[in-house]
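This is what each chain is made of:
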Amino acid sequence: MKKLSIVLLVLVAAAVAIWYVPLQAAVRPPKLEYQRLVLPNGMVVILHQDKSTPIVHVELWYHVGSKNEKPGRTGFAHFFEHLMFKGSRNVEPEQHTSIIASVGGQANAYTNEDTTVFWQTIPAQYLPLVLWMEADRMASLRIDQKTFVTEREVVKEERRMRIENPPFGLLNELITFNAFDVHPYKHPVIGSMTDLNAATIDDVRDFYKTYYVPENATLMIVGDFDTDTVTSLLNQYFARVPKAEKPVPRDIPVEPQHTKEKRVTLEQPWPLPAVIVTYHVPYNGHPDSYPMFVMSKTLSDGQTSRIYRKLVYDSGLALTAFGSSSFLEQPGIFSAVALVNPGKSPDEVEKALIAEFDKLKTGGITERELQRAKNQFARDYVVSRLSIKEKASQLGHAEVIQKDMASADGEFDTFLKVSLEDVKRVAQKYFVPEGRMVMRIMPRGGVVEK
Amino acid sequence: MTTKTVIAIVLFGGLTGLVAAGPERVANEVRQRVTGNAPSERTRSEAQSRVEWPRDNPPRPLPARPVTFPPYEIRKLANGMQVVLVSQNEQPVVSVRMIIRAGAAHDPKGKHGLAMLTATLLDQGAGTKSAEQIAETIDFIGGALGTGAGTDLSYVNAVVMKDSYDIALDLLADVVQRPTFAPEEVERQRQQALSALKVAAEDPESIADRVIDRLIYGFHPYGMPGAGTTESLTGLTRADFVDFHKKYFVPNNALIAVVGDIGAAEAMAGLEKHFGAWKAAEVPALAVTEPPDATRRVIVIDKKDAVQTEIRVGHIAIPRKHNDFEAVDQAVKILGGEGANRLQQVLRSQKQLTYGASADLDTFKWAGAVIAETDTQTSSTAEALRVVVDEFTRLQRERVSDGELEGAQDYMVGHFPLTIEVPDAIATQVLNQLFYELPVDDLPRYRERILKVTPDEIQRVARWFIRPSQLSVVLVGDADKFVNDLKGVGFANYERIPIDRIDLMSPDLMKRAGAPRP
């Protein structure tokens, strides 16, 4: 067999002197080293070696998520993820996971708004097997009417289990549906029952040809491996997957600028009323997203966070209250949610939530809050890089979502540079009434009294 | 930025699928699938190759590196506190995990929720610090502090950057040894717990879990609601918390693990400084009766708006420290555990009745249970229930094949290196052995312990501990739409309870009509 050559783009940046010393001298975690390769067919490969335990994690990201779905086909990206376990030329249906389990490994997959990710963690000696199987389903997936119909029932059961049956299961779906006008982040990743039923086998073929192609894929290999062996395995299995017939489409509808506050009131069979306030925020990696992240921490990370203090601890207005900014590939929303305690009024809760955003615009945050957010960020940064799986996830995020591999490590320093002025400026820019949605979800049949 | 996106949907509900073959046999198995009889799927499915993709044999594994259980140390302070040390310096972080040998099982009669609420209150004021000051201290250094209670134990965990080890211990020492139980914090947390109960009372999953425990263990402490009831939570006083704490939170009843980027000398010096003066005291022994024998009982909990039925099926099994633990554990794994799972194979892969099905062996200090769980759309409730019960019967009657057991064992043995990757996971394994008073020497002998179980052993234990005719069953769903099907699958007798009338403290599980509890 003809060996294809691999373009080796080693991007282990030269160590840059760390000149910024934060107030409390947070311990700087070790640099997350990596190698980045691009195969001739366009597939990107990120390698990170860690030989401390003889295991390896392989994670394949396809840059397709629910935001790529056609109108009337919500839920399709996730449904397709299930079909990737239904066999390929050399692997029988349902055998992918079984084979991984039979060597002691774990395999699974997930889909979100931006990506579909397939992963496996295995004893290191089985790396060839995993790469062989992933390449097999990238190149030769079996598509079969019967499987398509039966697996759809599993996905519908999944929707019932996650979304429709638990109390508050519909919460996220109701928030995004109302907060966005046109952007596909409006729709839930799991999709609607109607759209799932409408999907056809031609949709499956088309989706596979369009998105499951090497130039839309990024492979992370993290753990105990030998670089020469990996290079030869990549040549053997992935390099022979042909390029796509056409470029991967990237035409996602853009959310227009909102000009007026939106107010929505709904009913659900939930035990307590919920009050939700949302604002539109920039995409992940936008310079404004770092101050936004600081505010997300200040408003809602830990018991000293402002929302917890004000709504739960001090006033007892809410059973629970939390908020967070989405950090997606395209502009998303900051949402704050409070479940109103029995005997308290949704009006009061709404006022209290909005007041917390307004305070950020007028007063910003304190020096101590900024330092606390930075220290919390440093902790998150470290504890989300402990396992090889977590490291792979960070690397994939930097490459696919941030489109900047240097951010996998450099973000630590970017973050520590955020100033009090940055925070205030970003609050004033995004927490505006025109961009706000206020939603109330009331218990069907009235509020449960104490 | 590292924040996870709001919704990510995983493929399998925490469980891997059926195991077909063992590690040494994988290559052969897959090879046979390729070159042997073409399975029927091939004739009616089309491989979507964009190129002439070759028929291929799976590659052989690379040479394996030996795996051993990583180093750790066990020490003891003079006051009896057991210490586990795991040192690893990959990331500049230290985690401290403390276990107290008392949990919900130690709640006195009528005071259910006491262990849970005591644990919640530990960091809501301690030593000279208020709740707010404790939160401010830990949040400011970018640390995290968590407290809680389980069935047999209570815990306090802290994670900090390595330069904050002393601050973390200072806080932990206060929180564990000198909680304030300030009246206003007691009230605040009581209200939170009551509200949380209200939400849980409408969650089918949470209700199903609590009711199946109550059926299996009866009025044994493991059958009681660890989160309390409206009545019990309302009745708890400050004196109860003080008393519970005084009785059980003593060093000779505690284990602590220091894990991460810190050497043994520094770790021990810190522990001596902050916990050395903590006084030992005698811990009252818990008088525990045997749980009741397994009896068949079927409870249907009616929730009108449910689109799915939560199904739980199970009976009493064994405590953790039992000579047959390995064999029973593997039998349950074959029924519904990771790396095997007949339930998932039939309910999801063959019949598409569910997204996920599993069976767990819960093993506690004094008793344990085997519980199968799944959920299915309302109309297939009876069918799914029948499948679950049939799988219990099959496990009891039929000898497992050599291949199936090997598959389950291959997963467990092969999986071992994945369980020792991060230092916290190593510490958890050591803490578990110490907590259940099992030999730590078993840890490096993991492989031998797994492989010594034979199909005959599985059959022997399955015969005595699996009792298909004495299973307890809980179904939470829209009852009108499935109860008529139950008779047809062998469950003519059942007790039906509206969701808002469940009372775990009543023998028939029903709130008395006309006398609503507060």
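Residues numbered from 1 in each chain as written. Chains lettered and ligands numbered in written order. Predicted model: local features only at pLDDT ≥ 70, side-chain atom pairs only at ≥ 80, totals over all residues.

Caption draft 1: Molecular detail of the overall build of chain B. Helix and strand counts for chain B stand at 18 helices and 14 strands. Within chain B, the proportion of its 518 residues that are buried is 48%. Contacts in chain B between residues far apart in sequence, at least 24 positions, make up 80% of those at least 6 positions apart. (Helix = DSSP H or I, 4+ residues; strand = E, 2+ residues; numbered from the N terminus. Buried ≥ 20, exposed ≤ 12 C-beta atoms within 10 Å, placed from the backbone. Contact = placed C-beta atoms within 7 Å.)

Caption draft 2: Representation of the sheet that holds strand S13 (residues 472-477) of chain B within the structure. If you walk across this open sheet you meet the 6 strands as S11-S12-S10-S13-S9-S14 (chain B), and the pairing is mixed. Single-partner strands in this sheet number two, and they are strand S11 (357-363) and strand S14 (495-498) of chain B. Adjacent strand axes in the sheet meet at a mean angle of 20°, parallel and antiparallel pairs treated alike. Note that S11 of chain B and strand S12 (residues 368-377) of chain B share 7 bridges and pair antiparallel. By the bridge assignment, Thr-363 of chain B is partnered in S12 of chain B with Gly-368 of chain B. Sitting on the sheet, helix H4 (residues 145-164) of chain A is in contact with strand S10 (308-316) and S12 of chain B, with an inclination near 110° to S12 of chain B. Each of strand S9 (297-302), S10, S12 and S13 of chain B touches helix H7 (residues 204-217) of chain B; the most contacted strand, S13 of chain B, lies at about 160° to it. (Pairing = 2+ DSSP bridges. Axes fitted to C-alpha atoms, helices over the stretch in contact; angles between N-to-C directions.)

Caption draft 3: Structural context of the interface of chain B and chain A. Of the residues lining the interface, 94 residues belong to chain B; the matching set on chain A comes to 103 residues. Tallying contributions element by element places helix H14 (residues 402-415) of chain B first for the side of chain B that touches chain A, with 6 residues. Its residues assigned to classes, the side of chain B that touches chain A comprises 47 nonpolar, 25 polar and 22 charged. (Nonpolar A, V, L, I, M, F, W, Y, C, P; charged D, E, K, R; others polar.)

Caption draft 4: Representation of helix H6 (residues 183-200) of chain B. Spanning 18 residues, H6 of chain B covers 26 Å between terminal C-alpha atoms, matching the ideal 26 Å at 1.5 Å per step. Those residues of H6 of chain B that fall on the buried side of the exposure criterion are Glu-185, Val-186, Gln-189 and Ser-195 of chain B. Looking at the buried positions of H6 of chain B, the neighbouring elements they touch are strand S11 (318-325) of chain A together with helix H3 (114-122), helix H4 (131-140) and helix H9 (238-248) of chain B. (Expected span 1.5 Å × (residues − 1).)

Caption draft 5: Structural view of the domain arrangement of chain B. Residue and element names in this part refer to chain B. As far as domains go, chain B holds domain 1 (73-203 + 213-275) and domain 2 (297-501). Residue-level contacts link 20 residues of domain 1 with 20 residues of domain 2. Taken together, the elements giving at least two residues each to the side of domain 1 that touches domain 2 come down to strand S4 (82-87), strand S5 (93-100), H7 and strand S8 (254-260). The dominant element in the side of domain 1 that touches domain 2, judged by the number of residues it contributes, is S8, at 4 residues. The class makeup of the residues in the side of domain 1 that touches domain 2 is 12 nonpolar, 6 polar and 2 charged. (Domains from an automatic or database assignment.)

Caption draft 6: Representation of the environment of Ile-216 of chain B in the model. Residue and element names in this part refer to chain B. Among the secondary structure elements, Ile-216 is positioned in helix H7. The exposure class assigned to Ile-216 is buried, which follows from the 29 C-beta atoms found within 10 Å. Separated by 153 residues in the primary sequence, Ile-216 and Ala-369 have C-alpha atoms spaced 7.5 Å apart. Ignoring any residue separated from it by four or fewer positions in sequence, one finds Ile-216 in contact with Gly-223, Gly-314, His-315, Ile-316, Ala-369 and Ser-472.

Caption draft 7: Here's a closer look at the domain arrangement of chain A. Residues and elements named next belong to chain A. You can read the domains of chain A as domain 1 (32-237) and domain 2 (262-443). Taking only C-alpha atoms into account, the centre of domain 1 sits 28 Å from that of domain 2. Between domain 1 and domain 2, the contact holds 32 residues from the first and 32 residues from the second. Within the residue set of the side of domain 1 that touches domain 2, elements represented by two or more residues are strand S3 (44-49), strand S4 (55-62), strand S6 (116-123), helix H5 (171-179) and strand S8 (217-223). Per-element accounting of the side of domain 1 that touches domain 2 gives the leading share, 5 residues, to H5. Its residues assigned to classes, the side of domain 1 that touches domain 2 shows 17 nonpolar, 9 polar and 6 charged.

Caption draft 8: Representation of the packing of helix H9 (residues 289-300) of chain A against helix H12 (residues 367-383) of chain A. All names here are of chain A. Between H9 and H12, the least distance of the axes is 9 Å, while the angle of their chain directions is 100°. Judged by the inter-axis angle, H9 sits roughly perpendicular to H12. Along its contact with H9, which presents Val-294, Lys-297 and Thr-298, the element H12 presents Glu-369, Leu-370, Ala-373, Gln-376 and Phe-377. Residues of the contact of H9 with H12, tallied by class, amount to 4 nonpolar, 2 polar and 2 charged. (Parallel < 35°, antiparallel > 145°, perpendicular 65-115°, else oblique.)

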